[in-house]
Amino acid sequence: MWDQIGQAFSFSMTRMLGQLASLLPGIVALIAALLISTLVAWVFAATLRRSLTSIDFNRRVAQWGFSTLAQWSPSKSPTLLVTRAIAWTVILVGFLIGISAFDITLTSRLVIRLFAYLPNVIAAALVLVVGSIIARFLARSVLIGAVNINLQYARLLSVGVKWLVTVLAVAMALEHLAIGGGIIRLAFGILFGGIVLALALAVGLGSKDLVSRSLDREAGKIPSQNVQEPVGHL
Amino acid sequence: MDLDSISQPELEQIERLGGADLIVGIFDPEYAEEACTSVATVRESLAALSKIARAVVICNNGNHSRALIAPEFTGENQSLAVISCSLPLPGPAATPQHSMSAAYRSVFAVGGKLGVRACGVIASQPRGLTSQWIYRLVQPVLELGFDLVAPRYTRHKMEGLLNRSVLSPLHRALYGEQLQNPAGPDFGLSGKLLQRVLRQDSGPQRGNQIDLMASIASTAACGAYQVCEAHLGARTQPPTDWMNLSSLLAEVLGPTFLEMEHQAAFWQSVRGSRPVPRFGLPEAGSEDSGTGTVDVQRMIESFQLGTQNLQDVWDRVLPPTILLELRKLSRAPADQFRLPDDLWVRIIYDFAVGYRHRTISRDHLLRSITPIYLGSIASYALEMKTAGVGEIESRIEGQSRAYEANKSYLVSRWRWPDRFSP
């Protein structure tokens, strides 16, 4: 019986060591991939940091209207944020390459799925960035336009438009990431509809006097002050 | 340059003519009368000129379908011919400034093709057009050798405010010539200057983005052409559309700032300014008069609303000291509301620098100046409430001098926008 136990133990040891030995090239490959990707990430990040510093990226980001980005960044530097994000992406890609070196179906499938998901992540990030730019542009357009026609609630209108576009962009990004599904659609519908209703009420109540003055003028009840003013610009 | 807007039969007629001495453009899309009226007015004005053999009249009343007016020859002088052709009406989407600029291009293109010696353009409400207007615009060119005749209008004290507060003093400070209306819109040009404007407009960097009206006076100043002014009398202006004031400002200031960018190498070396010769006499008793009241309170409210809401936009363009001054001004009581000349001038210069560096969208930048402009009008109206002609003149002169005095500020901001931020 002891012989049989010894044989079984020896057999399991051999099998375990055999499996460990078969994993060893994969582990070495993973370490090598991590080392190489870290080196590439470091070189890449250093080059990028130098380029961004030379074009004064931190100041430009603030100029482009992304001043809040600095608050989220390490050491309040968007340059550092971008370079670190790029470096970690390179390291992650290296890690995934290393993982795929293990000839195991599960890890290979995981890597394939992760790589297949990557375009969605990139598209979602792009949607968020473009959405943010459009939101800022439209918010500013509405703010300037509303102030120029003397609307007291100009800022409210501008903030409403900004959130409207931002919510739309976030919903689109989540749709790309396939997160939430029906809940996101439902929440988006409620939120979007709520913002539109709030804006409509704000504009409707706020411009009540404006509309009545305009109608009175159209009906000839009161003369327009503007027409009476003897002002010419050119 | 654009010859496509001239109809084919009219183009053939121009080609048959071979050459001409004078071209006159008369622009007003709402001008419903026959082209013959313009031709008759031109003929009347030419009768007083001695050196004219052939003249071409171009109207933008869009009457291509009408029968062409064949070249007509006067009885006394068989070589005097006047032909007329028309430009298409501007599309519904075209702004007045754009359609006028396109009409300028067409007239200049025909003038260049015919090798004219002089060109007269009447673009301000030609319903009150008299032969004197055309005569005064082209006579200094044809008989006295001037290259540019800029208009000088008789105006009410609350008219021409953008010209008084920005265009005229800015042109004076930048290019060293004292013109009442550097952007016309009525002009008399020599063939030499016309060719120069044509060459410049078709240059590789400029293309169709340039507004010809904004570039004529500056081109003349930069090319050392002979410039003078002619008194044309009063011009009729459409009532102010307050709801679209920001569009007007963007359309007028945009090309002016763009021209500043193109001519930067020249104006940075200009010091001081000089008056230009003037011809004709101003209409007696009507200049800068007027007793009408202006709703100053509404303008001040617009300024205050802008100060409350547009800080985020203005702080991209204006230095902190100016923003502080504006905030202080927004808290001033209405009767003490005064925008100092130096502050106004620096704001204009800062917006010009911001336009150049595209710190924000150019359209946003130009439109965001509207509340400050309304503040400046309110300040001017309050100051000049009971002022006479002399006081108004000295007020305008003071502002023009402020533009000249602050030019070093502009040059510093232009050259070192980051390093020089007071």
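Nothing here was measured: the structure is a model prediction, and the numbers come from that model.

About the thresholds
- Residues numbered from 1 in each chain as written.
- Chains lettered and ligands numbered in written order.
- Predicted model: local features only at pLDDT ≥ 70, side-chain atom pairs only at ≥ 80, totals over all residues.
- Heavy atoms only, no water.
- Contact = heavy atoms within 4.5 Å.
- Buried area = accessible area lost by both parts, 1.4 Å probe.
- Salt bridge = Lys/Arg side-chain N within 4 Å of Asp/Glu carboxyl O.
- Helix = DSSP H or I, 4+ residues; strand = E, 2+ residues; numbered from the N terminus.
- Nonpolar A, V, L, I, M, F, W, Y, C, P; charged D, E, K, R; others polar.
- Axes fitted to C-alpha atoms, helices over the stretch in contact; angles between N-to-C directions.
- Left-handed = near helix turned anticlockwise from the far one by under 90°.
- Disulfide = S-S within 2.5 Å.
- Buried < 20%, exposed > 50% of the residue type's maximum accessible area, 1.4 Å probe, protein only.

Engineer: Help me understand the interface of chain B and chain A, please; the structure alone is not making it clear to me.
Structural biologist: When the parts of a complex come together, some accessible area is lost, and that lost area is often taken as the interface size. On the chain A side, the residues contacting the 42 residues of chain B number 24 residues. Summing both partners gives a buried area of about 3,000 Å² for chain B against chain A, and 54% of it is carried by carbon and sulfur. The tally of links between chain B and chain A comes to one salt bridge. The greatest single-element share of the side of chain B that touches chain A, amounting to five residues, is contributed by helix α10 (residues 296-309) of chain B. When its residues are assigned to classes, the side of chain B that touches chain A shows 17 nonpolar, 17 polar and eight charged.

Engineer: What should I look at first to understand the packing of α10 of chain B against helix α15 (residues 370-383) of chain B in this one?
Structural biologist: If you want to describe how two helices pack, look at the angle between their axes and the distance between the axes. Residues and elements named next belong to chain B. Following both chains from N to C, one finds α10 and α15 inclined at 145°, their axes separated by 8 Å at the closest point. When you trace α10 past α15, the crossing you get is left-handed. Taking contact as the criterion, the partners of V296, M299, I300, S302, F303 and G306 in α10 are, on α15, P371, I372, L374, G375, I377, A378, A381 and L382. The residue makeup of the contact of α10 with α15, split by class, is eleven nonpolar, three polar and no charged.

Engineer: Where do I start with the state of the cysteines in this structure?
Structural biologist: All names here are of chain B. On inspection of all chains with the given rule, the structure shows zero disulfides over all chains. Here C222 stays free of any disulfide, with the sulfur of C228 as its closest cysteine sulfur at 18 Å. Among the residues examined, C222 registers a relative accessible area of 18% and is labelled buried.

Engineer: What is the right way to read the pattern of salt bridges from this model?
Structural biologist: Pairing between side chains of opposite charge can happen when the charged atoms of each approach one another. All names here are of chain B. Using the criterion set out here, one finds 15 salt bridges over all chains in the structure. Here D147 makes a salt bridge to K192, at a shortest N to O gap of 3.9 Å. Separated by 45 residues along the polypeptide, D147 in the loop between α4 (131-144) and β6 (148-154) and K192 in helix α6 (residues 191-201) bring together distant segments of the chain. For D147, a relative accessible area of 5% puts it in the buried group. Look at K192 and you get exposed, because its relative accessible area is 54%. A salt bridge links R278 to E229; the shortest N-O distance between them is 3.2 Å. Taken together, the residues R278 in strand β11 (residues 278-279) and E229 in strand β9 (residues 227-234) connect sequence positions 49 residues apart. We classify E229 as buried; its relative accessible area is 0%.

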